[in-house]
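Here is what each chain is made of, one letter per residue.
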Amino acid sequence: MQFRSVNPYDGKVLKSYKGTSEIEVSKKIELAHQAYLQWRDTNNNERSALLKSVASELIKNIDHYSKSITLEMGKPLKESIAEINKCAKVCEYYADKAEDFLKDVPLETPHGEAYIHYNPIGVVLAVMPWNFPFWQVFRFAAPAIMAGNTCLLKHASNVPGCAMDIENVFKNAGSPDGIFSTLLIGAKNVGSVIDHNLVSAVTLTGSELAGKSVAGKAGFNLKKSVLELGGSDPFIVLKNADIKIAAEVAVKARMLNAGQSCIAAKRFILEKEIADEFTALFIKSLQKLKYGNPINSDTDFATLARPDLAEEIFGQVQKSIVAGASILYGTLPKKIESAFFPPMILGNLKPGMPAYDDEIFGPVASFFVVKDEQEAIEIANNSPFGLGGSLWTDDLEKAKSIAEKIESGAIYINQMMFSDPAVPFGGIKNSGYGRELSFLGIREFTNQKTIWVK
Ligand code: NAP
(Lines give C-alpha, C1' and ligand atoms only; values in the text may rest on other atoms or scores of the structure.)
Protein backbone atom coordinates (compact mmCIF):
# COMPACT_ATOMS: atom_id res chain seq x y z
CA MET A 1 0.00 0.00 0.00
CA GLN A 2 1.23 3.52 -0.84
CA PHE A 3 0.54 6.66 1.21
CA ARG A 4 0.62 10.05 -0.46
CA SER A 5 1.33 13.35 1.12
CA VAL A 6 -0.59 16.05 -0.77
CA ASN A 7 -0.48 19.80 -0.13
CA PRO A 8 -4.18 20.70 0.22
CA TYR A 9 -3.55 24.35 -0.68
CA ASP A 10 -2.36 23.63 -4.23
CA GLY A 11 -3.16 19.93 -4.65
CA LYS A 12 0.49 19.05 -5.41
CA VAL A 13 1.83 15.65 -4.35
CA LEU A 14 4.72 16.23 -1.92
CA LYS A 15 5.91 12.66 -1.51
CA SER A 16 4.80 9.01 -1.60
CA TYR A 17 5.53 6.54 1.15
CA LYS A 18 5.58 2.77 1.01
CA GLY A 19 3.23 1.29 3.58
CA THR A 20 4.39 -1.02 6.39
CA SER A 21 3.96 -4.62 5.23
CA GLU A 22 2.22 -7.25 7.36
CA ILE A 23 5.57 -8.84 8.20
CA GLU A 24 7.04 -5.48 9.18
CA VAL A 25 3.98 -4.72 11.34
CA SER A 26 4.53 -8.00 13.23
CA LYS A 27 8.20 -7.16 13.70
CA LYS A 28 7.38 -3.69 14.99
CA ILE A 29 4.84 -5.09 17.47
CA GLU A 30 7.41 -7.65 18.66
CA LEU A 31 10.04 -4.88 18.97
CA ALA A 32 7.61 -2.68 20.94
CA HIS A 33 6.97 -5.60 23.29
CA GLN A 34 10.70 -6.32 23.77
CA ALA A 35 11.27 -2.62 24.43
CA TYR A 36 8.42 -2.67 26.98
CA LEU A 37 10.06 -5.53 28.92
CA GLN A 38 13.10 -3.29 29.47
CA TRP A 39 11.30 0.06 29.71
CA ARG A 40 8.85 -1.02 32.44
CA ASP A 41 11.81 -1.52 34.77
CA THR A 42 13.36 1.91 34.16
CA ASN A 43 13.09 4.53 36.87
CA ASN A 44 11.53 7.95 36.66
CA ASN A 45 14.86 9.67 35.96
CA GLU A 46 15.57 7.55 32.89
CA ARG A 47 12.08 8.10 31.47
CA SER A 48 12.14 11.76 32.25
CA ALA A 49 15.56 12.16 30.55
CA LEU A 50 14.12 10.66 27.35
CA LEU A 51 11.09 12.97 27.35
CA LYS A 52 13.25 16.03 27.99
CA SER A 53 15.43 14.99 25.07
CA VAL A 54 12.29 14.57 22.91
CA ALA A 55 11.19 18.09 23.91
CA SER A 56 14.64 19.48 22.93
CA GLU A 57 14.54 17.68 19.58
CA LEU A 58 11.12 19.19 18.82
CA ILE A 59 12.30 22.69 19.61
CA LYS A 60 15.67 22.29 17.85
CA ASN A 61 13.93 21.30 14.62
CA ILE A 62 10.71 23.26 15.05
CA ASP A 63 11.14 24.81 11.63
CA HIS A 64 11.16 21.43 9.90
CA TYR A 65 8.36 19.87 11.94
CA SER A 66 6.02 22.85 11.71
CA LYS A 67 6.48 23.13 7.93
CA SER A 68 5.82 19.42 7.66
CA ILE A 69 2.41 19.93 9.34
CA THR A 70 1.48 22.96 7.24
CA LEU A 71 2.47 21.46 3.91
CA GLU A 72 0.72 18.18 4.56
CA MET A 73 -2.60 19.28 6.10
CA GLY A 74 -2.85 22.99 5.35
CA LYS A 75 -2.79 24.56 8.80
CA PRO A 76 -1.39 28.14 8.95
CA LEU A 77 2.31 28.03 9.80
CA LYS A 78 1.92 30.08 12.98
CA GLU A 79 -0.53 27.45 14.29
CA SER A 80 1.88 24.63 13.37
CA ILE A 81 4.68 26.37 15.26
CA ALA A 82 2.38 26.72 18.30
CA GLU A 83 1.52 23.01 17.97
CA ILE A 84 5.16 21.90 18.09
CA ASN A 85 5.82 24.16 21.09
CA LYS A 86 2.84 22.58 22.84
CA CYS A 87 4.18 19.07 22.14
CA ALA A 88 7.48 20.05 23.76
CA LYS A 89 5.51 21.46 26.70
CA VAL A 90 3.55 18.25 27.27
CA CYS A 91 6.80 16.24 27.24
CA GLU A 92 8.37 18.60 29.80
CA TYR A 93 5.17 18.54 31.87
CA TYR A 94 5.05 14.76 32.21
CA ALA A 95 8.84 14.51 32.59
CA ASP A 96 8.44 16.73 35.68
CA LYS A 97 5.12 15.49 37.05
CA ALA A 98 4.86 11.77 36.30
CA GLU A 99 6.62 10.65 39.47
CA ASP A 100 4.15 12.56 41.57
CA PHE A 101 1.11 11.44 39.55
CA LEU A 102 2.15 7.77 39.85
CA LYS A 103 3.08 7.81 43.53
CA ASP A 104 1.49 5.04 45.59
CA VAL A 105 -1.87 6.11 47.01
CA PRO A 106 -2.46 4.95 50.62
CA LEU A 107 -5.91 3.51 51.39
CA GLU A 108 -7.83 3.52 54.65
CA THR A 109 -8.59 -0.13 55.42
CA PRO A 110 -9.95 -2.08 58.42
CA HIS A 111 -6.50 -3.50 59.12
CA GLY A 112 -2.90 -3.51 57.90
CA GLU A 113 -1.38 -1.36 55.17
CA ALA A 114 -3.05 -0.95 51.79
CA TYR A 115 -2.23 1.20 48.79
CA ILE A 116 -2.70 1.62 45.03
CA HIS A 117 0.41 1.07 42.96
CA TYR A 118 0.56 2.05 39.27
CA ASN A 119 2.13 -0.44 36.85
CA PRO A 120 2.44 0.09 33.09
CA ILE A 121 0.31 -2.20 30.93
CA GLY A 122 2.46 -2.80 27.84
CA VAL A 123 2.25 -1.90 24.17
CA VAL A 124 -0.43 0.70 23.42
CA LEU A 125 -1.72 1.36 19.91
CA ALA A 126 -2.68 4.95 19.05
CA VAL A 127 -5.01 5.55 16.08
CA MET A 128 -4.78 9.25 15.37
CA PRO A 129 -6.35 11.99 13.19
CA TRP A 130 -4.73 14.56 10.90
CA ASN A 131 -6.09 17.80 12.38
CA PHE A 132 -3.40 18.26 15.05
CA PRO A 133 -1.03 15.66 13.60
CA PHE A 134 1.71 16.17 16.21
CA TRP A 135 -0.25 17.30 19.26
CA GLN A 136 -2.77 14.43 19.27
CA VAL A 137 0.10 11.96 19.23
CA PHE A 138 2.27 13.62 21.86
CA ARG A 139 -0.55 14.22 24.33
CA PHE A 140 -1.04 10.44 24.35
CA ALA A 141 2.58 9.33 24.00
CA ALA A 142 4.22 11.54 26.65
CA PRO A 143 2.19 10.19 29.60
CA ALA A 144 2.07 6.64 28.20
CA ILE A 145 5.86 6.48 27.96
CA MET A 146 6.39 8.13 31.35
CA ALA A 147 4.13 5.43 32.83
CA GLY A 148 6.46 2.76 31.38
CA ASN A 149 4.48 1.71 28.30
CA THR A 150 5.63 1.61 24.68
CA CYS A 151 3.69 3.04 21.73
CA LEU A 152 2.63 2.14 18.22
CA LEU A 153 1.17 4.86 16.00
CA LYS A 154 -1.31 4.34 13.18
CA HIS A 155 -1.73 7.87 11.89
CA ALA A 156 -4.37 9.22 9.48
CA SER A 157 -3.61 8.20 5.90
CA ASN A 158 -3.24 11.80 4.66
CA VAL A 159 -0.35 12.64 7.05
CA PRO A 160 2.28 9.93 6.42
CA GLY A 161 5.04 12.57 6.46
CA CYS A 162 4.12 13.71 9.98
CA ALA A 163 3.78 10.06 11.05
CA MET A 164 7.34 9.31 9.93
CA ASP A 165 8.63 12.60 11.36
CA ILE A 166 7.26 11.70 14.80
CA GLU A 167 9.04 8.33 14.75
CA ASN A 168 12.19 10.27 13.83
CA VAL A 169 11.72 12.71 16.72
CA PHE A 170 12.12 9.75 19.08
CA LYS A 171 15.09 8.32 17.14
CA ASN A 172 16.84 11.70 17.06
CA ALA A 173 16.18 12.12 20.78
CA GLY A 174 18.12 8.90 21.46
CA SER A 175 15.10 6.74 22.34
CA PRO A 176 15.78 3.01 22.69
CA ASP A 177 14.35 1.10 19.68
CA GLY A 178 10.70 0.13 19.99
CA ILE A 179 9.62 2.76 22.52
CA PHE A 180 7.76 4.59 19.77
CA SER A 181 7.14 3.17 16.28
CA THR A 182 5.00 4.28 13.37
CA LEU A 183 3.00 1.78 11.33
CA LEU A 184 1.99 3.10 7.91
CA ILE A 185 -1.19 1.05 7.60
CA GLY A 186 -4.74 1.70 6.46
CA ALA A 187 -7.82 1.77 8.69
CA LYS A 188 -8.80 -1.76 7.62
CA ASN A 189 -5.56 -3.13 9.12
CA VAL A 190 -6.14 -1.65 12.58
CA GLY A 191 -8.26 -4.58 13.74
CA SER A 192 -5.50 -7.14 13.33
CA VAL A 193 -3.10 -4.98 15.37
CA ILE A 194 -5.69 -4.77 18.18
CA ASP A 195 -6.13 -8.56 17.94
CA HIS A 196 -2.38 -9.15 18.39
CA ASN A 197 -1.67 -10.76 21.74
CA LEU A 198 1.32 -8.44 22.40
CA VAL A 199 -0.83 -5.29 22.09
CA SER A 200 -2.46 -4.42 25.42
CA ALA A 201 -4.63 -1.39 24.74
CA VAL A 202 -5.74 1.14 22.17
CA THR A 203 -6.51 4.84 22.12
CA LEU A 204 -8.33 6.50 19.23
CA THR A 205 -8.87 10.14 18.43
CA GLY A 206 -11.22 10.56 15.51
CA SER A 207 -14.79 10.19 14.32
CA GLU A 208 -17.66 8.31 15.97
CA LEU A 209 -17.63 5.67 13.25
CA ALA A 210 -13.94 4.90 13.73
CA GLY A 211 -14.45 4.99 17.50
CA LYS A 212 -17.22 2.39 17.36
CA SER A 213 -15.15 0.12 15.17
CA VAL A 214 -12.00 0.33 17.31
CA ALA A 215 -13.88 0.11 20.62
CA GLY A 216 -15.78 -2.92 19.29
CA LYS A 217 -12.53 -4.67 18.43
CA ALA A 218 -10.95 -3.75 21.75
CA GLY A 219 -14.06 -4.91 23.63
CA PHE A 220 -14.09 -8.22 21.78
CA ASN A 221 -10.46 -8.71 22.83
CA LEU A 222 -11.17 -7.47 26.39
CA LYS A 223 -8.55 -4.76 25.98
CA LYS A 224 -8.66 -1.29 27.45
CA SER A 225 -9.64 1.57 25.12
CA VAL A 226 -9.81 5.35 25.33
CA LEU A 227 -11.88 7.29 22.77
CA GLU A 228 -11.53 10.99 21.98
CA LEU A 229 -14.23 11.61 19.39
CA GLY A 230 -16.05 14.50 17.81
CA GLY A 231 -17.80 17.42 19.42
CA SER A 232 -20.30 20.16 18.73
CA ASP A 233 -19.33 22.43 21.58
CA PRO A 234 -21.67 25.18 22.73
CA PHE A 235 -20.40 28.75 23.17
CA ILE A 236 -23.01 30.39 25.40
CA VAL A 237 -23.15 34.15 25.75
CA LEU A 238 -25.47 35.58 28.42
CA LYS A 239 -26.72 39.15 28.43
CA ASN A 240 -24.37 40.36 31.16
CA ALA A 241 -21.16 39.14 29.44
CA ASP A 242 -18.41 41.29 27.98
CA ILE A 243 -19.80 40.99 24.44
CA LYS A 244 -16.87 42.60 22.68
CA ILE A 245 -14.28 40.19 24.08
CA ALA A 246 -16.68 37.24 23.78
CA ALA A 247 -17.21 37.91 20.06
CA GLU A 248 -13.48 38.25 19.35
CA VAL A 249 -12.68 35.04 21.19
CA ALA A 250 -15.67 33.31 19.57
CA VAL A 251 -14.21 33.85 16.10
CA LYS A 252 -10.89 32.41 17.21
CA ALA A 253 -12.69 29.48 18.84
CA ARG A 254 -14.54 28.68 15.60
CA MET A 255 -11.81 29.49 13.06
CA LEU A 256 -8.68 27.92 14.59
CA ASN A 257 -7.30 25.37 12.11
CA ALA A 258 -10.03 26.49 9.64
CA GLY A 259 -12.59 25.14 12.11
CA GLN A 260 -11.17 21.61 12.09
CA SER A 261 -10.90 21.10 15.81
CA CYS A 262 -12.91 18.72 17.97
CA ILE A 263 -13.19 21.41 20.66
CA ALA A 264 -13.89 24.28 18.30
CA ALA A 265 -16.94 26.28 19.35
CA LYS A 266 -19.58 25.11 16.89
CA ARG A 267 -22.93 26.18 18.34
CA PHE A 268 -23.19 29.81 19.46
CA ILE A 269 -26.08 30.16 21.92
CA LEU A 270 -26.93 33.80 22.51
CA GLU A 271 -29.34 35.40 24.96
CA LYS A 272 -31.75 37.49 22.89
CA GLU A 273 -30.79 40.87 24.46
CA ILE A 274 -27.24 40.66 23.07
CA ALA A 275 -27.72 38.46 20.00
CA ASP A 276 -27.71 41.23 17.35
CA GLU A 277 -24.74 43.07 18.83
CA PHE A 278 -22.77 39.84 19.25
CA THR A 279 -23.53 38.75 15.67
CA ALA A 280 -22.37 42.10 14.26
CA LEU A 281 -19.14 41.98 16.29
CA PHE A 282 -18.55 38.35 15.32
CA ILE A 283 -18.88 39.19 11.60
CA LYS A 284 -16.55 42.18 12.01
CA SER A 285 -13.86 39.99 13.61
CA LEU A 286 -14.36 37.27 11.02
CA GLN A 287 -13.83 39.73 8.19
CA LYS A 288 -10.45 40.74 9.65
CA LEU A 289 -9.02 37.22 9.17
CA LYS A 290 -6.60 36.87 6.30
CA TYR A 291 -7.07 33.99 3.88
CA GLY A 292 -3.96 32.79 2.03
CA ASN A 293 -1.22 30.23 1.56
CA PRO A 294 -0.79 28.58 4.97
CA ILE A 295 2.99 28.62 4.60
CA ASN A 296 2.94 32.45 4.87
CA SER A 297 3.39 33.63 8.42
CA ASP A 298 0.55 36.19 8.25
CA THR A 299 -2.14 33.77 7.01
CA ASP A 300 -5.02 33.25 9.45
CA PHE A 301 -6.92 30.57 7.60
CA ALA A 302 -6.43 28.52 4.48
CA THR A 303 -8.05 25.46 2.97
CA LEU A 304 -9.34 22.40 4.77
CA ALA A 305 -7.06 19.37 4.88
CA ARG A 306 -8.65 17.58 1.89
CA PRO A 307 -11.22 18.34 -0.84
CA ASP A 308 -13.55 15.55 0.38
CA LEU A 309 -13.79 17.32 3.75
CA ALA A 310 -15.00 20.49 1.98
CA GLU A 311 -17.51 18.32 0.05
CA GLU A 312 -18.85 16.91 3.31
CA ILE A 313 -19.44 20.36 4.82
CA PHE A 314 -21.02 21.52 1.55
CA GLY A 315 -23.54 18.67 1.89
CA GLN A 316 -24.25 19.46 5.57
CA VAL A 317 -24.86 23.17 4.87
CA GLN A 318 -26.92 22.48 1.76
CA LYS A 319 -29.18 20.02 3.62
CA SER A 320 -29.62 22.48 6.51
CA ILE A 321 -30.65 25.25 4.10
CA VAL A 322 -33.10 23.00 2.27
CA ALA A 323 -34.62 22.18 5.69
CA GLY A 324 -35.11 25.90 6.45
CA ALA A 325 -31.82 27.21 7.87
CA SER A 326 -30.83 30.73 6.83
CA ILE A 327 -27.41 32.11 5.96
CA LEU A 328 -26.54 34.97 8.33
CA TYR A 329 -23.12 35.45 6.75
CA GLY A 330 -21.16 34.06 3.79
CA THR A 331 -22.14 32.46 0.51
CA LEU A 332 -22.56 28.79 -0.19
CA PRO A 333 -20.36 27.95 -3.20
CA LYS A 334 -22.15 26.46 -6.23
CA LYS A 335 -19.84 23.45 -6.07
CA ILE A 336 -16.63 22.36 -4.41
CA GLU A 337 -13.57 22.39 -6.63
CA SER A 338 -10.73 22.30 -4.11
CA ALA A 339 -10.15 21.87 -0.37
CA PHE A 340 -11.44 25.40 0.28
CA PHE A 341 -14.68 26.09 2.14
CA PRO A 342 -15.66 29.68 3.03
CA PRO A 343 -16.53 30.88 6.54
CA MET A 344 -20.29 30.97 7.06
CA ILE A 345 -22.84 31.63 9.81
CA LEU A 346 -26.16 29.77 9.82
CA GLY A 347 -29.31 30.67 11.78
CA ASN A 348 -32.91 29.46 12.14
CA LEU A 349 -31.70 26.02 13.09
CA LYS A 350 -33.95 23.17 14.20
CA PRO A 351 -33.45 19.55 15.24
CA GLY A 352 -33.17 17.32 12.19
CA MET A 353 -30.81 19.71 10.38
CA PRO A 354 -27.12 18.71 10.14
CA ALA A 355 -26.15 22.17 11.46
CA TYR A 356 -28.21 21.42 14.59
CA ASP A 357 -27.53 17.73 15.17
CA ASP A 358 -24.11 16.98 13.68
CA GLU A 359 -20.55 18.12 14.03
CA ILE A 360 -19.53 20.54 11.27
CA PHE A 361 -15.78 20.11 10.99
CA GLY A 362 -14.94 23.39 9.28
CA PRO A 363 -15.53 27.16 9.31
CA VAL A 364 -19.34 27.15 9.69
CA ALA A 365 -20.88 28.63 12.85
CA SER A 366 -24.39 27.64 13.98
CA PHE A 367 -26.17 30.54 15.74
CA PHE A 368 -29.07 30.15 18.19
CA VAL A 369 -30.99 32.92 19.95
CA VAL A 370 -32.54 31.98 23.30
CA LYS A 371 -34.90 33.74 25.71
CA ASP A 372 -32.99 32.91 28.90
CA GLU A 373 -30.26 30.80 30.48
CA GLN A 374 -32.61 27.85 30.98
CA GLU A 375 -33.21 27.62 27.23
CA ALA A 376 -29.46 28.04 26.67
CA ILE A 377 -28.80 24.98 28.84
CA GLU A 378 -31.50 22.99 27.03
CA ILE A 379 -30.04 23.72 23.59
CA ALA A 380 -26.49 23.11 24.80
CA ASN A 381 -27.53 19.69 26.08
CA ASN A 382 -29.67 18.83 23.07
CA SER A 383 -26.72 17.29 21.24
CA PRO A 384 -25.43 13.74 20.84
CA PHE A 385 -21.97 15.11 21.73
CA GLY A 386 -20.48 16.23 25.03
CA LEU A 387 -16.85 17.25 24.67
CA GLY A 388 -16.26 20.84 25.82
CA GLY A 389 -17.93 24.22 25.90
CA SER A 390 -17.52 27.85 26.75
CA LEU A 391 -19.78 30.11 28.82
CA TRP A 392 -19.69 33.91 29.01
CA THR A 393 -21.17 36.00 31.81
CA ASP A 394 -19.90 38.40 34.48
CA ASP A 395 -21.85 36.54 37.18
CA LEU A 396 -19.32 33.86 38.14
CA GLU A 397 -21.51 32.10 40.71
CA LYS A 398 -24.28 31.74 38.14
CA ALA A 399 -21.69 30.64 35.57
CA LYS A 400 -20.45 27.81 37.78
CA SER A 401 -23.98 26.64 38.49
CA ILE A 402 -24.82 26.60 34.74
CA ALA A 403 -21.50 24.89 33.93
CA GLU A 404 -22.37 22.08 36.32
CA LYS A 405 -25.63 21.46 34.42
CA ILE A 406 -24.08 21.18 30.97
CA GLU A 407 -23.52 17.67 29.68
CA SER A 408 -19.89 17.75 28.56
CA GLY A 409 -16.38 16.77 29.62
CA ALA A 410 -15.44 20.39 30.29
CA ILE A 411 -16.83 23.92 30.42
CA TYR A 412 -14.55 26.94 30.38
CA ILE A 413 -15.91 30.20 31.78
CA ASN A 414 -15.09 33.51 30.07
CA GLN A 415 -12.46 31.83 27.92
CA MET A 416 -12.50 29.59 24.90
CA MET A 417 -12.13 25.85 25.33
CA PHE A 418 -8.54 24.72 24.75
CA SER A 419 -6.35 21.86 25.89
CA ASP A 420 -3.53 22.27 28.39
CA PRO A 421 -1.30 19.53 29.83
CA ALA A 422 -2.40 20.46 33.37
CA VAL A 423 -6.14 19.98 32.74
CA PRO A 424 -7.96 16.69 32.04
CA PHE A 425 -9.42 16.44 28.55
CA GLY A 426 -12.12 14.12 27.20
CA GLY A 427 -15.80 13.72 26.55
CA ILE A 428 -19.08 12.02 27.38
CA LYS A 429 -21.93 10.78 25.14
CA ASN A 430 -20.81 10.37 21.50
CA SER A 431 -17.64 12.36 22.23
CA GLY A 432 -16.09 9.24 23.74
CA TYR A 433 -14.76 8.13 27.10
CA GLY A 434 -11.61 8.21 29.15
CA ARG A 435 -9.42 11.22 29.86
CA GLU A 436 -6.14 12.50 28.50
CA LEU A 437 -3.71 14.96 30.09
CA SER A 438 -3.17 15.94 33.74
CA PHE A 439 -2.95 13.20 36.37
CA LEU A 440 -6.01 11.37 34.99
CA GLY A 441 -4.41 10.98 31.56
CA ILE A 442 -1.28 9.21 32.77
CA ARG A 443 -3.32 6.73 34.82
CA GLU A 444 -5.47 5.57 31.87
CA PHE A 445 -2.85 3.16 30.58
CA THR A 446 -1.73 1.75 33.91
CA ASN A 447 -2.77 -1.16 36.04
CA GLN A 448 -4.13 0.54 39.16
CA LYS A 449 -3.04 -2.26 41.41
CA THR A 450 -4.20 -2.76 45.00
CA ILE A 451 -1.60 -4.04 47.45
CA TRP A 452 -2.80 -4.97 50.95
CA VAL A 453 -0.52 -6.21 53.70
CA LYS A 454 -2.17 -7.97 56.66
P1 NAP B 1 -11.43 9.49 11.27
O2 NAP B 1 -11.81 9.36 9.87
O3 NAP B 1 -12.18 8.78 12.30
O4 NAP B 1 -9.88 9.10 11.35
C5 NAP B 1 -9.17 9.09 12.57
C6 NAP B 1 -8.22 7.90 12.55
O7 NAP B 1 -9.00 6.71 12.61
C8 NAP B 1 -7.39 7.80 11.29
O9 NAP B 1 -6.12 7.30 11.61
C10 NAP B 1 -8.17 6.82 10.44
O11 NAP B 1 -7.39 6.14 9.48
C12 NAP B 1 -8.66 5.86 11.51
N13 NAP B 1 -9.86 5.14 11.14
C14 NAP B 1 -10.91 5.56 10.41
N15 NAP B 1 -11.85 4.60 10.34
C16 NAP B 1 -11.40 3.54 11.04
C17 NAP B 1 -11.91 2.25 11.32
N18 NAP B 1 -13.10 1.85 10.89
N19 NAP B 1 -11.15 1.42 12.07
C20 NAP B 1 -9.96 1.81 12.53
N21 NAP B 1 -9.42 3.01 12.29
C22 NAP B 1 -10.12 3.89 11.57
O23 NAP B 1 -11.46 10.99 11.74
P24 NAP B 1 -10.90 12.26 10.96
O25 NAP B 1 -11.92 12.67 9.96
O26 NAP B 1 -9.52 12.01 10.49
O27 NAP B 1 -10.83 13.30 12.16
C28 NAP B 1 -11.87 14.13 12.46
C29 NAP B 1 -12.68 13.64 13.63
O30 NAP B 1 -11.85 13.46 14.77
C31 NAP B 1 -13.70 14.67 14.05
O32 NAP B 1 -14.90 14.05 14.38
C33 NAP B 1 -13.07 15.30 15.26
O34 NAP B 1 -13.96 15.95 16.11
C35 NAP B 1 -12.39 14.14 15.89
N36 NAP B 1 -11.34 14.59 16.80
C37 NAP B 1 -11.53 14.41 18.14
C38 NAP B 1 -10.58 14.88 19.04
C39 NAP B 1 -10.74 14.71 20.52
O40 NAP B 1 -9.77 14.89 21.25
N41 NAP B 1 -11.92 14.39 21.04
C42 NAP B 1 -9.44 15.52 18.55
C43 NAP B 1 -9.30 15.68 17.19
C44 NAP B 1 -10.26 15.20 16.31
P45 NAP B 1 -7.42 6.55 7.92
O46 NAP B 1 -6.96 7.96 7.84
O47 NAP B 1 -6.50 5.58 7.30
O48 NAP B 1 -8.85 6.41 7.49
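The rules we used
- Residues numbered from 1 in each chain as written.
- Predicted model: local features only at pLDDT ≥ 70, side-chain atom pairs only at ≥ 80, totals over all residues.
- Heavy atoms only, no water.
- Helix = DSSP H or I, 4+ residues; strand = E, 2+ residues; numbered from the N terminus.
- Rg over C-alpha atoms; globule rule 2.2 N^0.38 Å.
- Buried < 20%, exposed > 50% of the residue type's maximum accessible area, 1.4 Å probe, protein only.
- Contact = heavy atoms within 4.5 Å.
- Areas by Shrake-Rupley, 256 points an atom, 1.4 Å probe, with all protein chains shown as cover.
- Lys, Arg positive; Asp, Glu negative; His and termini not counted.
- Charge placed at Lys NZ, Arg CZ, Asp CG, Glu CD.
- Pairing = 2+ DSSP bridges.
- Axes fitted to C-alpha atoms, helices over the stretch in contact; angles between N-to-C directions.
- Parallel < 35°, antiparallel > 145°, perpendicular 65-115°, else oblique.
- Left-handed = near helix turned anticlockwise from the far one by under 90°.
- Near = heavy atom within 4 Å.
- Polar contact = N/O pair within 3.5 Å; in protein donor to acceptor, adjacent residues only side chain to side chain.
- Nonpolar A, V, L, I, M, F, W, Y, C, P; charged D, E, K, R; others polar.
- Core = buried A, V, L, I, M, F, W, Y, C linked by side-chain atoms within 4.5 Å.
- Phe/Tyr/Trp six-rings, centres within 6.5 Å; stacked < 30°, edge-to-face > 60°.
- Lys NZ or Arg CZ within 6 Å of the ring centre and 35° of its normal.
- Salt bridge = Lys/Arg side-chain N within 4 Å of Asp/Glu carboxyl O.

Draft legend 1. Fine view of the overall build of the chain. Scanning the chain from terminus to terminus reveals 15 helices and 20 strands. The C-alpha atoms of the chain give 22 Å as radius of gyration, which agrees with the globular expectation for 454 residues (22 Å, within 12%). For the chain, the proportion of its 454 residues judged to be buried stands at 57%. In the chain, the share of contacts with a sequence separation of at least 24, taken over all contacts with a separation of at least 6, comes to 70%. Accessible surface, the chain as shown: approximately 19,000 Å² in total, 54% of it carbon and sulfur. Taking the 49 positively charged and 52 negatively charged side chains of the chain as two groups, their mean positions are separated by 3 Å.

Draft legend 2. Looking closely at the sheet that holds strand β4 (residues 113–120). Taken in spatial order, the three strands of this open sheet run β3-β4-β20, and their pairing is antiparallel. Sheet topology places β3 (105–107) and β20 (446–453) at the edges, where each strand pairs with a single neighbour. This sheet shows a mean twist of 30° between the axes of neighbouring strands, independent of strand direction. The sheet contact formed by β3 and β4 spans three bridges and is antiparallel. The partner of V105 across the bridge, within β4, is I116.

Draft legend 3. Fine view of the packing of helix α9 (residues 243–255) against helix α10 (residues 272–288). With their axes 8 Å apart at the nearest point, α9 and α10 run at an angle of 50° to one another. As far as their axial angle goes, α10 and α9 are oblique. Crossing handedness for the pair α9 and α10: right-handed. Facing α9, whose interface residues are I243, K244, A246, A247, E248, A250, V251, R254 and M255, α10 presents I274, E277, F278, L281, F282, S285 and L286.

Draft legend 4. Structural detail: the site of the ligand. Within the structure, the ligand sits among 29 residues, and R139, S157, S207, L229 and E359 are positioned closest to it. Between W130 and the ligand, the recorded distance is 2.7 Å, taken from a side-chain N or O atom to an oxygen atom. Interatomic distance of 2.6 Å between a side-chain N/O atom of R139 and an oxygen atom of the ligand. Elements that contribute at least two residues to the shell around the ligand include exactly α5 (135–146), β8 (199–205) and α8 (208–220). The element best represented in the shell around the ligand is α8, accounting for three residues. Of the residues that constitute the shell around the ligand, the class distribution is 15 nonpolar, 10 polar and four charged.

Draft legend 5. Examining the environment of S438 more closely. The topology assignment puts S438 in helix α15 (residues 438–444). With a relative accessible area of 4%, S438 lands in the buried category. Each C-alpha atom, one on S438 and one on S297, is 32 Å from the other, the two residues being 141 residues apart in sequence. With residues up to four places along the chain from it excluded, the contact list for S438 reads Y93, Y94, F101, P421, A422, V423 and P424. At 3.2 Å, the side chain of S438 forms a polar contact with the backbone oxygen of A422.

Draft legend 6. Structural context of the nonpolar core. Among the nonpolar cores identified, the biggest contains 101 residues, and L58, Y94, F134, F138 and F341 are the most heavily contacted of them. No other element matches the 10 residues that helix α4 (residues 77–101) contributes to this core. If near-sequence neighbours (up to four positions away) are discounted, F138 is found in contact with V54, L58, C87, V90, C91, P143, I166, V169 and F170. Ranked by size, the runner-up nonpolar core spans 26 residues in total, among them A247, M255, A365 and F367.

Draft legend 7. Geometry of the packing of aromatic side chains. Counting across every chain of the model gives 22 aromatic pairs. A ring pair is formed by F235 and W392, whose centres lie 5.6 Å apart and whose planes are at 25°; its orientation type is stacked. Here W392 lies in strand β16 (residues 390–392) and F235 lies in strand β10 (residues 233–237), a separation of 157 residues in the sequence. For W392, a relative accessible area of 4% puts it in the buried group. Summarising the aromatic geometry, the rings of F278 and F367 are spaced 6.1 Å apart at their centres and angled 45° between planes, so their arrangement reads as tilted. Taken together, the residues span a long stretch of sequence, with F278 in helix α10 and F367 in strand β14 (residues 364–370) at a distance of 89 residues. For F278, a relative accessible area of 0% translates into the label buried. Ring pairs connect the aromatic residues F235, F268, F278, F282, F367 and W392, which therefore count as one cluster. Sitting over the face of the ring of F132, K75 holds its NZ or CZ atom 3.7 Å from the ring centroid.

Draft legend 8. Summary view of the pattern of salt bridges. All told, the structure shown has 22 salt bridges when counted by the stated rule. Put simply, K398 and E373 hold a salt bridge, and the shortest N to O gap is 2.9 Å. One end of the pair, K398, is in helix α14 (residues 396–405); the other, E373, is in helix α13 (residues 373–381), and 25 residues separate them in sequence. Owing to a relative accessible area of 27%, K398 belongs among the partly exposed residues under this scheme. For E373, a relative accessible area of 27% gives the class partly exposed. The closest approach of N and O atoms between E397 and K400, which form a salt bridge, is 3.4 Å. Taken together, the positions of E397 and K400, both in helix α14 and three residues apart, correspond to about one turn of that helix.

Draft legend 9. Seen up close, the sheet that holds strand β19 (residues 432–433). Strand order in the open sheet made by the six strands is β7-β6-β5-β8-β9-β19, with mixed pairing throughout. Since the sheet does not close on itself, it has two edges, and those belong to β7 (180–182) and β19, each with one partner. Along the sheet, helix α1 (residues 22–39) makes contact with β5 (123–127), β6 (150–154), β7 and β8, crossing β6 at roughly 155°. Strands in contact with α8 are β8, β9 (224–228) and β19; relative to β8, the strand with the most contacts, it is inclined by about 165°.

Read these as spatial facts, not as claims about activity.
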